[in-house]
Amino acid sequence: MSDRQCTVLLYSDDPKVRDRMRLAVGTRPAPGLELEFVEASTYDEVVRLVDDYEIDLLLLDGEANPGGGIGIARQIKDDRDDAPPTCVVIARAADRWLAAFAEVDATLVHPLDPVTTGTTVAELLRTHAPA
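Trainee: Could you give me a rundown of the overall build of the chain, with the residues and numbers involved?
Mentor: In terms of regular secondary structure, the chain is built from 5 helices and 5 strands. Helices (α) and strands (β) of the chain occur, in sequence order from the N terminus, as β-α-β-α-β-α-β-α-β-α. Taking 131 residues into account, the globule formula puts the C-alpha radius of gyration at 14 Å, and the chain, at 13 Å, falls close to it. Oriented by its inertia axes, the alpha-carbon framework of the chain measures out at about 40 × 30 × 25 Å. A buried classification covers 45% of the 131 residues belonging to the chain. Of the contacts made within the chain by residues no fewer than 6 positions apart, 63% connect residues no fewer than 24 positions apart. Total accessible area computed for the chain in this model is approximately 7000 Å², and 51% of it derives from carbon and sulfur atoms.

As structure tokens, this is what we get:
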């Protein structure tokens, strides 16, 4: 049995944050699951990548400027019936209510814990696996 290949879109205006997200997730967050990453630093890039590629998960920086990950998640969910699952990385756990309003599937808190991050990503990919 081969590993399931998944594409994760990393969004942040800061390349260092995207690097930290990638390192926290890793390319093999769980047995049987192998990830590749695509990156975006603007809202327009996120939309283009979601439109042009088969994205399995959006991992969005909720602290990005000028477009935060929570707002982008909400816009993608509103615009697409087939929106990929979304996980937003927030700075304050108290912002989870706002992420819930944006219909985000999961939240993580900066600084990212690799175990929690990998487990969350793997669970989202398994739960939202294509039929």
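Trainee: Residues and numbers for the pattern of salt bridges, please.
Mentor: Applying the stated rule across the entire model yields 11 salt bridges. In this structure, the salt-bridge partner of Arg92 is Glu63, at a minimum N-O distance of 3.8 Å. With Arg92 in the loop between β4 (86-90) and α4 (96-101) and Glu63 in the loop between β3 (57-61) and α3 (69-79), this residue pair connects regions lying 29 residues apart in the sequence. Under the relative-accessibility criterion, Glu63 is labelled partly exposed at 30%. For Arg80, the salt bridge identified is with Asp82, shortest N-O distance 3.2 Å. Several salt bridges share partner residues, and in doing so they unite Arg18, Asp19, Arg22 and Glu39 into one network.

Trainee: Please set out the sheet that holds β3 residue by residue, giving values where relevant.
Mentor: The strands making up a sheet are joined through hydrogen bonds of the backbone, oriented either antiparallel or parallel. Pairing in this open sheet of 5 strands is parallel, and the strands run β2-β1-β3-β4-β5 from one edge to the other. Whereas interior strands pair on both sides, the edge strands pair on one side only; in this sheet they are β2 (33-40) and β5 (106-109). If you compare each strand with its neighbour and ignore which way they point, the axes differ by 25° on average. Across 8 bridges, the pairing between strand β1 (residues 4-11) and β2 is parallel. Note that in β2 the partner of Gln5 across the bridge is Glu34. Running at roughly 165° to β4, α3 makes contact with β1, β3 and β4 of the sheet. Helix-sheet contacts for helix α5 (residues 114-127) involve β1, β2, β3, β4 and β5, and the interaxial angle to β5 is about 170°.

Parameters at a glance
- Residues numbered from 1 in each chain as written.
- Predicted model: local features only at pLDDT ≥ 70, side-chain atom pairs only at ≥ 80, totals over all residues.
- Heavy atoms only, no water.
- Helix = DSSP H or I, 4+ residues; strand = E, 2+ residues; numbered from the N terminus.
- Rg over C-alpha atoms; globule rule 2.2 N^0.38 Å.
- Buried < 20%, exposed > 50% of the residue type's maximum accessible area, 1.4 Å probe, protein only.
- Contact = heavy atoms within 4.5 Å.
- Areas by Shrake-Rupley, 256 points an atom, 1.4 Å probe, with all protein chains shown as cover.
- Salt bridge = Lys/Arg side-chain N within 4 Å of Asp/Glu carboxyl O.
- Pairing = 2+ DSSP bridges.
- Axes fitted to C-alpha atoms, helices over the stretch in contact; angles between N-to-C directions.

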